[in-house]
Amino acid sequence: MCLQRTRSFRTQRHSVNRPPTPDAADDQEKQPSLHEIINIKMIESGEKERLMELLRERLLECGWKDEMQNLCRTFIKKEGRNNVTLDELIRAITPKGRASIPDSVKAELLQRIRTFLVSAAL
Amino acid sequence: MSMPNDDNASSQSQLASLFFEDLLDSIIVDVASEFHRISRLGLDRNLEDEEEELRLSAEARAKAADLSNSGEATSKYVVDIFGQTHPSVANEIFECMNCGRSIMAGRFAPHLEKCMGKGRKARLKATRSSTTAQNRYTRGSPGSAYTPYANSTSTNSTSTNRYSNGTYGIAGEGYSNGTFEEP
């Protein structure tokens, strides 16, 4: 691989340094995982967006978002309004957020995802 | 796929859970970033109100701590958190907007009572004077939020040169709480 590139490296006069174009050999070494394939399919078909909107709507209806905002408020009050970074806030509320999902919402979303998986695997 | 059904189902569920967690994390990040922005920009009323309460209570506590530390029995000269002392009666002098007299700030409220007719003597003074037209006008007008006696407008009208508390005045100079002048 290097031999192919040394000449262009020395003599290139382009102002932009282009990264070496991937060889076909590179691609074959790492296969995209099943997870990644399905993720791409979900995004391309628009299903991921629909699922996000559905989840957002359900969480809003059941008051989860308000609970989260209260958690944020408490955390920010404790730490001081201007001392909190976004990262800290996210790290602080994520575990509680994951735990406080109502079961019905989770079940509904899982059902839809599974339906999609079945249809995508075909 | 040539996997038996059970394996398939469980790996599917695992995969589904993975995706669900993914979606959930994205939404949590959204909520957090939205709230972070609101709080940093100071747009959240709740946060601001609570901040102020905290500040006020901290100040009050500091004052109380100061008092107890200094051990003064009388609070004639109270030391505040900046170490400044204030006389117990505020002594700035300014002009009363109702009667035009120069009043000491600490005595302003009692002065206003007599001046504007909250007190007994002023009310007696008022009922004796003023025309019936003025009475009719003040009785029908809406009271402002500041005065507790806006409802008893009939007894509150003073002489023709002055306004009643917070009701719409008829004529005269000066101004009282939020009323407008008629030409």
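Now for a description of the structure that goes with this document. (Residues numbered from 1 in each chain as written. Chains lettered and ligands numbered in written order. Predicted model: local features only at pLDDT ≥ 70, side-chain atom pairs only at ≥ 80, totals over all residues. Heavy atoms only, no water.)

## Remarks on the overall build of chain A
Broken down by element type, chain A carries 7 helices and 0 strands. Looking at chain A alone, contacts between residues at least 24 apart form 64% of all its contacts between residues at least 6 apart. For chain A, the accessible surface area stands at approximately 9,000 Å², while carbon and sulfur atoms represent 53% of it. (Helix = DSSP H or I, 4+ residues; strand = E, 2+ residues; numbered from the N terminus. Contact = heavy atoms within 4.5 Å. Areas by Shrake-Rupley, 256 points an atom, 1.4 Å probe, with all protein chains shown as cover.)

## Things to note about the overall build of chain B
Helix and strand content of chain B: 6 helices and 4 strands. Starting at the N terminus, the α and β elements of chain B follow one another as α-α-β-β-β-β-α-α-α-α. Going through the 183 residues of chain B one by one, you find that 26% of them count as buried. Contacts spanning at least 24 positions in sequence make up 27% of the contacts within chain B whose residues lie at least 6 apart. Total accessible area on chain B is roughly 12,100 Å²; 52% of this is exposed by carbon and sulfur atoms. (Buried < 20%, exposed > 50% of the residue type's maximum accessible area, 1.4 Å probe, protein only.)

## Concerning helix α7 (residues 103-121) of chain A
Residues and elements named next belong to chain A. Along its 19 residues, α7 runs 26 Å from first to last C-alpha, staying within 8% of the 27 Å computed at 1.5 Å per residue. Those residues of α7 that sit buried are V105, L109, L110, I113, F116, L117 and A120. Across the axial projection of α7, the buried residues extend over an arc of 125°, all falling on one side. More than 90 degrees from the buried face of α7, the exposed residues found are D103 and S104. (Expected span 1.5 Å × (residues − 1). Arc of directions from axis to C-beta.)

## Examining the interface of chain B and chain A
Taken residue by residue, the interface counts 33 residues in chain B and 39 residues in chain A. Roughly 3,500 Å² is buried in total at the junction of chain B and chain A, and carbon and sulfur atoms are behind 73% of that figure. Ranking the residues of chain B by area buried against chain A places F19, F20 and L23 of chain B at the top, with a combined share of 19%. In this structure, the connection of chain B to chain A is made through 5 salt bridges. Here R98 of chain A and D25 of chain B are joined by a salt bridge, their closest N and O atoms 2.9 Å apart. At the junction of chain B with chain A, the criterion picks out 8 residue pairs in polar contact (both at pLDDT 80 or more). Mapped by element, the contributors of at least two residues to the side of chain B that touches chain A are α1 (5-41) and α2 (45-70) of chain B. Ranked by residue count, the leading element in the side of chain B that touches chain A is α1 of chain B, at 26 residues. In terms of residue class, the side of chain B that touches chain A is made up of 15 nonpolar, 9 polar and 9 charged. (Buried area = accessible area lost by both parts, 1.4 Å probe. Salt bridge = Lys/Arg side-chain N within 4 Å of Asp/Glu carboxyl O. Polar contact = N/O pair within 3.5 Å; in protein donor to acceptor, adjacent residues only side chain to side chain. Nonpolar A, V, L, I, M, F, W, Y, C, P; charged D, E, K, R; others polar.)

## Observations regarding the state of the cysteines
Residue and element names in this part refer to chain B. One pass over the structure, following the stated rule, counts 0 disulfides over all chains. C99 takes part in no disulfide bond, and the closest cysteine sulfur to it belongs to C96, at a distance of 3.6 Å. A relative accessible area of 27% places C99 in the partly exposed class. (Disulfide = S-S within 2.5 Å.)

## Let's talk about the pattern of salt bridges
All names here are of chain A. Using the criterion set out here, one finds 11 salt bridges over all chains in the structure. In this structure, E47 and R112 form a salt bridge, with 3.2 Å as the shortest nitrogen-oxygen distance. One end of the pair, E47, is in helix α4 (residues 47-61); the other, R112, is in helix α7, and 65 residues separate them in sequence. Three or more residues joined by partner-sharing salt bridges are found here, namely E57, R58, E61 and E108.

## Topic: the packing of α4 of chain A against α7 of chain A
Residue and element names in this part refer to chain A. Orientation of α4 relative to α7, taken along the N-to-C sense of each, is 170°, at an axis distance of 10 Å. The pairing of α4 with α7 is recorded here as roughly antiparallel in orientation. For the pair α4 and α7, contact is made by E47, R50, L51, L54, L55, R58 and L59 and by V105, E108, L109, R112, I113 and F116, respectively. When its residues are assigned to classes, the contact of α4 with α7 shows 8 nonpolar, no polar and 5 charged. (Axes fitted to C-alpha atoms, helices over the stretch in contact; angles between N-to-C directions. Parallel < 35°, antiparallel > 145°, perpendicular 65-115°, else oblique.)

## Section: a nonpolar patch on the surface
Judged by side-chain polarity, V89, I93 and M104 of chain B come together as a nonpolar surface patch covering roughly 250 Å² of accessible area. Locating V89 of chain B in the fold gives a position in the loop between β2 (85-86) and β3 (93-95). (Patch = residues over 30% accessible without salt bridge, like charges linked within 9 Å, V, L, I, M, F, W, Y side chains within 5 Å.)

## Examining the nonpolar core
The nonpolar side chains of soluble globular proteins are, as a tendency, buried together. Membership of the largest hydrophobic core comes to 35 residues, with the highest contact counts inside it found for L55, W64 and I113 of chain A. Those elements giving two or more residues to this core turn out to be α3 (34-45), α4, α5 (64-79), α6 (86-99) and α7 of chain A together with α1 of chain B. Sort the elements by how many residues they give to this core and α1 of chain B lands first, with 11 residues. In this structure, I113 of chain A is in contact with M42 and L51 of chain A together with A16, F19, F20 and L23 of chain B, ignoring residues within four places of it in sequence. (Core = buried A, V, L, I, M, F, W, Y, C linked by side-chain atoms within 4.5 Å.)

## A closer look at the environment of E59 of chain B
Its location among the elements puts E59 of chain B in helix α2. For the pair formed by E59 of chain B and I81 of chain B, sequence separation is 22 residues and the distance between their alpha carbons is 7.3 Å.

## Notes on helix α3 (residues 108-116) of chain B
Residues and elements named next belong to chain B. For α3, the complete set of buried residues consists of F108, P110, H111, C115 and M116. Turning to α3, the residues buried within the fold contact β3 and β4 (102-104). Immediately downstream of α3, the backbone of G117 shows phi near 100°, a positive value.

## Some details on the side chain of H111 of chain B
Tracing the backbone shows H111 of chain B in helix α3. Each residue touching H111 of chain B, except ones within four places of it in the same chain, is listed here: C96, C99, R101 and I103 of chain B.

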